[in-house]
Amino acid sequence: MSAPRLAFDALSGGYGAATVVRGISGTAAAGEVLCVLGRNGVGKTTLMKLLFGSFRSQHGTVRFAGRPIDGLGPQQRRLLGITYCPQERPVFDELSVRDNLTLMRPDRSLDAFATYFERFPILGRRLNQHSGSLSGGEKKMLSFVRGLAEDQPLILLDEPSEGVAWENILHMQACIAEKRASGAAFVIVEQNLAFAERIADRYLVIDQGRSVLEGPRAAIDRKQILAHLHV
């Protein structure tokens, strides 16, 4: 049996000496979506930063396609095949929409974005607009499209649907389904349970920095999740 695309075991870490995430484990196989759920401030974003290497882990291991990557920083992890779309400051406000999309592309071509512009036409219409003038939801769509178009084998999305209209959330769902079909693995932090239920293969529910539920979607019902989403 091949190794999961991403596996993290007993992962702990946080901001400096402060421990936020405590002993969390999970996996995402090729073609699979792991949805990370939990109330605000329980450690979901910290977990994503640990997975991408923005924060150094205090304990535990992270493996990408079976390879330990604990000693690698964000740029090295990106070169290995990991894309990260953060929750906060998801785009470069001072750059145009076009430049945000093409900044990491040597040829600065928009060819890879044609199908995304069909689903999110507002981005195609605003290519020359400063990204800082977009709404919060529009910035999320821009970050989402940029991330998926990188065509990496592992994609980390931190609250991609925040502030996004339901119609466009459904377009995000379709894009994720297409990437899954091609073998991409996802770790997606979400507050929108209705969206998570549409895309998840596995759930990881966090409370107080610890995993309280983890497993296949079919084994975890909505009531169990809601018990940990409400104060």
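Residues numbered from 1 in each chain as written. Predicted model: local features only at pLDDT ≥ 70, side-chain atom pairs only at ≥ 80, totals over all residues. Heavy atoms only, no water.

## So, the packing of aromatic side chains
Point 1. In the structure shown here, the tally under the stated rule is four aromatic pairs.
Point 2. Here the aromatic rings of Phe52 and Tyr84 are separated by 5.1 Å at their centres, their planes lie at 40°, and the arrangement is tilted. Highlighted residues: Phe52 in helix α1 (residues 44-52) and Tyr84 in strand β6 (residues 82-85), separated in sequence by 32 residues. As far as burial versus exposure is concerned, Phe52 and Tyr84 are alike and both buried. (Phe/Tyr/Trp six-rings, centres within 6.5 Å; stacked < 30°, edge-to-face > 60°. Helix = DSSP H or I, 4+ residues; strand = E, 2+ residues; numbered from the N terminus. Buried < 20%, exposed > 50% of the residue type's maximum accessible area, 1.4 Å probe, protein only.)

## A short note on a nonpolar patch on the surface
Point 1. On the surface, Phe92, Leu103 and Met104 cluster together into a nonpolar patch covering about 290 Å² of accessible area.
Point 2. Residue classification places Met104 among the partly exposed positions, given a relative accessible area of 48%. (Patch = residues over 30% accessible without salt bridge, like charges linked within 9 Å, V, L, I, M, F, W, Y side chains within 5 Å. Areas by Shrake-Rupley, 256 points an atom, 1.4 Å probe, with all protein chains shown as cover. Salt bridge = Lys/Arg side-chain N within 4 Å of Asp/Glu carboxyl O.)

## What to know about the environment of Leu213
Point 1. Within the secondary structure, Leu213 sits in strand β10 (residues 210-216).
Point 2. Counting along the chain gives eleven residues from Leu213 to Gln224, while the straight-line C-alpha distance between them is 8.3 Å.
Point 3. Not counting the four nearest positions on each side in its chain, Leu213 is found in contact with Tyr203, Leu204, Val205, Ile220, Gln224, Ile225 and His228. (Contact = heavy atoms within 4.5 Å.)

## Let's talk about the state of the cysteines
Point 1. Within the structure shown, the criterion is met by zero disulfides.
Point 2. Just so you know, Cys35 is unpaired, no disulfide at all, and the nearest cysteine sulfur is the one on Cys85, 15 Å from it.
Point 3. Here Cys35 falls in the buried class, since its relative accessible area comes to 0%.
Point 4. You can see Cys175 has no disulfide; the closest cysteine sulfur is in Cys85, sitting 12 Å from it. (Disulfide = S-S within 2.5 Å.)

## A short note on empty space enclosed by the protein
Point 1. Taken as a whole, this structure holds one cavity of 30 Å³ or more when the rule is applied.
Point 2. Roughly 50 Å³ of internal volume is contained in the largest cavity.
Point 3. Lining the largest cavity are Cys85, Pro86, Lys140, Ser143, Phe144, Leu157, Asp158 and Pro160. (1 Å grid on protein atoms, 1.4 Å probe; cavity = no way out; pocket = protein on both sides within 12 Å on 5 of 7 lines; lining within 4 Å. Points joined across faces, edges and corners; volume = space filled by probe spheres on them.)

## A look at the environment of Leu72
Point 1. Residue placement: Leu72 occurs in the loop between β5 (67-68) and α2 (74-80).
Point 2. On a C-alpha basis, the gap between Leu72 and Leu47 in space is 16 Å, while along the polypeptide they are 25 residues apart.
Point 3. The residues contacting Leu72, other than those within four sequence positions of it, are Gly53, Arg67, Arg77 and Leu80.

## Quick look at the sheet that holds β6
Point 1. Overall, mixed pairing links the six strands, which are arranged β6-β7-β8-β3-β9-β10 in an open sheet. The open sheet has two edge strands, β6 and β10, and neither has a second partner. Shown here is a sheet whose adjacent strand axes are inclined to one another by a mean of 15°, direction ignored.
Point 2. Bridge analysis of β6 against strand β7 (residues 154-158) gives four bridges, and the strand direction is parallel. Looking at β7, one finds that Ile82 is bridged to Leu154.
Point 3. Docked against the sheet, helix α6 (residues 136-149) engages β6, β7 and β8 (185-189), running at close to 180° with respect to β6. (Pairing = 2+ DSSP bridges. Axes fitted to C-alpha atoms, helices over the stretch in contact; angles between N-to-C directions.)

## With respect to the pattern of salt bridges
Two side chains of opposite charge can pair, provided their charged atoms sit close to one another.
Point 1. Under the criterion given, the structure shown has twelve salt bridges.
Point 2. Here Glu162 and Lys140 are joined by a salt bridge, their closest N and O atoms 3.7 Å apart. Note that Glu162 is positioned in the loop between β7 and α7 (166-181) and Lys140 in helix α6, a separation of 22 residues in sequence.
Point 3. Note that Arg202 is salt-bridged to Glu214, the shortest N-O span being 2.9 Å. Of this pair, Arg202 sits in strand β9 (residues 202-207) while Glu214 sits in strand β10; the two residues are twelve residues apart in sequence, bridging distant segments of the chain.
Point 4. Note on Glu214: relative accessible area 35%, which makes it partly exposed.
Point 5. Linked by salt bridges that have partners in common, Arg78, Arg146 and Glu150 make up one network.

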